[in-house]
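What follows is the residue order along each chain.
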Amino acid sequence: MNDLDTQDIVPTKKKKSSGIGLLDIETWFNLFLQRLFPVWYCVRYVTEMPMEMIGEINPRSFLSHRWLSVAASNQAAAESLLKAGDQWQDLASLLPKVVKTKTYKRYLSIKNVTAVESSVVDVDYSNILDYGEAESKDIPNHHAEHFDAISHELFDEKGKHYPFVYREWDGRYYFRNEDEPKKFAALLLHCRDKGRDLSVRAEIEIQYADLRTVEIIRSRYWMLLMKRDVAYQLAYLIRAAKIPCQLAEFEWRRSDLVFLVLKKTDYRTAQIVEALVRKHFPRSVIEWGRWLCTHQVPFRNR
């Protein structure tokens, strides 16, 4: 029984009271209102309840795998919904279709790159330049000869296009490096300090959100991202009002967050969502479809 001792669940004998406590009356009255006017009660609860702020869902880091993964978030939500019954299968099938990719071969300025794919360093530097200042001190990069030598070593294989990724939902580039990126960071430091640049032959994978699919999702569902404990409370109240709702997981790095999913076919949900958005958006509630639509930096050959 959840590791509770027997003494914790056996009611103790209470002394006789001369009357009903005020707290008991208030609890009874709230339960009465919840049963009689469930949607109104839920809206009132949402309006008055405190909600913890979500914080940054897409942090900056010199390692790309520490950024927000839209694909992982959608996949986690889809897997949750697949287990939730037939009425959520439509959304479960749409979510994995949101993230698309396409590839171009272009020349790319390395000054646009802020991160790499891998490193053995555990310190979470905010970008590759901060990493370089701390980790590339032993690599000479002050003179043009140093710059030329490193650039030839890293990016001068004949006919090769080097792998980079660009993400349209945040406008960030990263390098799919094979070795520890100390020399790459040294190049970037030289570019910054000496006002130079280097264009490399690149095979750029563009990752983007298919806005047509996102709009289909938005036309049918609300996907509200919020703190897990709050979502559980709201799901209980919404289900008590006989309104279909479901909890769906977010990406694993933010296990404190979860999606509260509601159907737009039930008009009563609009009142609840309106109260949530009016009171708690965007610090404590993020509407996922809206976030995807408003966070767009289309790829251009820079």
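Residues numbered from 1 in each chain as written. Predicted model: local features only at pLDDT ≥ 70, side-chain atom pairs only at ≥ 80, totals over all residues. Heavy atoms only, no water.

## Side note on the environment of valine 123
By the secondary structure assignment, valine 123 is in the loop between strand E2 (113-116) and helix H6 (128-135). Along the sequence, valine 123 and serine 61 sit 62 residues apart, while their C-alpha atoms lie 9.8 Å from each other. Setting aside residues no more than four positions away along its own chain, valine 123 makes contact with Phe62 and Arg66. (Helix = DSSP H or I, 4+ residues; strand = E, 2+ residues; numbered from the N terminus. Contact = heavy atoms within 4.5 Å.)

## Some thoughts on unusual backbone geometry
Residue proline 282 is bonded to the preceding phenylalanine 281 through a cis peptide linkage, with omega at -5°. Structurally, proline 282 can be placed in the loop between helix H11 (268-280) and strand E9 (286-287). The phi dihedral of lysine 242 falls on the positive side, at around 65°, and the residue is not glycine.

## Some points on the pattern of salt bridges
Pairing between side chains becomes possible if they bear opposite charge and their charged atoms approach one another. The final tally for this structure, using the stated rule, is 20 salt bridges. Residue aspartate 90 is joined to arginine 220 by a salt bridge in which the shortest nitrogen-to-oxygen separation is 3.0 Å. Taken as a pair, aspartate 90 in helix H5 (residues 89-94) and arginine 220 in helix H9 (residues 211-220) lie far apart in primary sequence, 130 residues in all. Judged by relative accessible area, which is 28%, aspartate 90 ranks as partly exposed. Residues arginine 172 and aspartate 170 are paired through a salt bridge, measuring 3.7 Å at the closest nitrogen-oxygen approach. You'll find arginine 172 and aspartate 170 in the same group, each marked buried. Residues joined in a network through salt bridges with shared partners are Glu52, Lys227, Arg254 and Asp256. (Salt bridge = Lys/Arg side-chain N within 4 Å of Asp/Glu carboxyl O. Buried < 20%, exposed > 50% of the residue type's maximum accessible area, 1.4 Å probe, protein only.)

## Concerning the environment of isoleucine 57
Take isoleucine 57: it is sitting in the loop between helix H3 (38-48) and helix H4 (70-82). C-alpha of isoleucine 57 to C-alpha of leucine 68: the two residues are eleven residues apart in sequence and 6.3 Å apart in space. Not counting the four nearest positions on each side in its chain, isoleucine 57 is found in contact with Leu68, Leu225, Arg254, Leu257, Ile286, Trp288 and Trp291.

## Quick notes on the packing of helix H7 (residues 144-155) against helix H8 (residues 182-194)
Angle between the axes and distance between the axes: these two values describe a pair of packed helices. Axis separation between H7 and H8 bottoms out at 10 Å; the angle between their running directions is 140°. When the axes of H7 and H8 are compared, the pair comes out oblique. Here H7 and H8 pass one another in a crossing that is left-handed. Of H8, the residues touching H7 (which contributes Ala144, Phe147, Ile150, Ser151, Glu153, Leu154 and Phe155) are Lys183, Phe184, Ala186, Leu187, His190 and Cys191. (Axes fitted to C-alpha atoms, helices over the stretch in contact; angles between N-to-C directions. Parallel < 35°, antiparallel > 145°, perpendicular 65-115°, else oblique. Left-handed = near helix turned anticlockwise from the far one by under 90°.)

## What about H6?
Note that an α-helix has 3.6 residues per turn; residues three or four places apart therefore point the same way. Taken as a whole, H6 has its buried residues at Ile128, Tyr131 and Gly132. Axial view of H6: buried residues confined to an arc of 100°, hence all on one face. Contacts made by the buried residues of H6 are with E2 and H8. N-cap assignment for H6: the residue whose side-chain oxygen lies 3.0 Å from the backbone N of leucine 129 is asparagine 127. (Arc of directions from axis to C-beta. Polar contact = N/O pair within 3.5 Å; in protein donor to acceptor, adjacent residues only side chain to side chain.)

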